Amino acid sequence: MENEQSISTADLFDERGDALDSCALQFQDLGARRAFAGPIRTIRCFRDNALVKSLLATPGDGAVLVIDGRGSLESALMGDLIAASAVENGWAGVVIHGAVRDRTALQELDLGIKALGSNPRKSAKDGVGEQDVPVEFGGVTFTPGKTLWADEDGILIEP
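Small disclaimer: the values here were computed from a predicted structure and weren't measured. Along every chain, residues carry numbers that run from 1 in the direction the sequence is written. pLDDT decides what is reported in this predicted model: residues at 70 or higher carry local features, side-chain atom pairs at 80 or more are listed and counted, and totals for whole chains, interfaces and linings draw on all residues regardless. As a rule here, side-chain values come from all non-hydrogen atoms in the structure, and water together with hydrogens is ignored.

Draft legend 1. Here's a closer look at helix H3 (residues 80–88). Taken together, the buried positions of H3 are Ile-82, Ala-83, Ser-85 and Ala-86. Down the axis of H3, the buried side of the element spans an arc of 155°, and every buried residue falls inside it. Opposite the buried face of H3, by more than 90 degrees, sit the exposed residues Leu-81 and Glu-88. Residue contacts are defined here by distance: any two heavy atoms, one from each residue, within 4.5 Å place the two residues in contact. By the criteria applied, helices consist of DSSP H or I runs no shorter than four residues and strands consist of E runs no shorter than two, each listed in order from the N terminus. Buried-residue contacts for H3 involve helix H2 (50–56), strand E5 (76–78), helix H4 (103–106) and strand E7 (112–118). Positioned one or two residues after H3, Gly-90 has a phi angle of 80°, which is positive. The classification of residues rests on relative accessible area computed with a 1.4 Å probe and restricted to protein chains. Under 20% of the type maximum is buried, over 50% is exposed, and intermediate values are partly exposed. Note: the arc covers the axis-to-C-beta directions of the helix.

Right under this line is the structure:
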């Protein structure tokens, strides 16, 4: 199988069409890796990144973590230390329906990072949230185990 990271989402959509869903939200590309793909893992949380930190500290095996932070830009769900942990543990990327911090440092990390924006404010660390549950935003459902492809054009997923 060809390297999924080398596949353009536009070409992939031309090839598979309606067999794929495309996320309508417009994300910012914040990591050094602009194109990434892998099986989906998920977290649903709100202004609390303890689950994000603990999951990205485990072996990622090329997975993409999709975080539904309910679109909040009030505090960051990931910064440079958590992102560096994701790189060390073999994660392909992180898609955050919310904010990050440490943008300059994130740009240097070999990790796909898409987020709505940034805020220097830290999140709570109480561990409130859910892991590996379907999450919905941008008109699509991100189901754990399905494949996600992302590049500068956007995000495609297996429905």
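Text resumes after the structure shown.
Draft legend 2. Here's a closer look at the pairing of strand E3 (residues 36–44). For E3 and strand E11 (residues 147–151), the ladder comprises four bridges, and the chain directions are antiparallel. Counterpart to Ala-37 in the pairing with E11 is Trp-149. Strands were regarded as paired on the criterion that DSSP finds at least two bridges between them. The pairing of E3 with strand E4 (residues 64–68) spans five bridges and is classified as parallel. The residue bridging Ile-40 from the neighbouring strand is Val-64, located in E4. Handedness of the crossover is the feature at issue here: the chain leaves E3, passes through H2, returns alongside E4, and the resulting connection is right-handed. Both E3 and strand E8 (residues 130–131) contribute to a ladder of two bridges, which runs antiparallel. Among the inter-strand pairings, Ile-43 is bridged to a residue of E8, identified as Gln-131. Orient the strands so they point away from the viewer; a crossover is then right-handed if the path from the first strand over the helix to the second runs clockwise.

Draft legend 3. A look at the packing of aromatic side chains. Centres within 6.5 Å make a pair out of two Phe, Tyr or Trp rings, where for Trp the six-membered ring is used; the pair is then stacked when the planes are under 30 degrees apart, edge-to-face when over 60, and tilted otherwise. Summed over all chains, the structure comprises two aromatic pairs. Through pairs of rings, three or more aromatic residues link up here, namely Phe-27, Phe-137 and Phe-142.

Any functional reading would require information beyond the geometric quantities listed.
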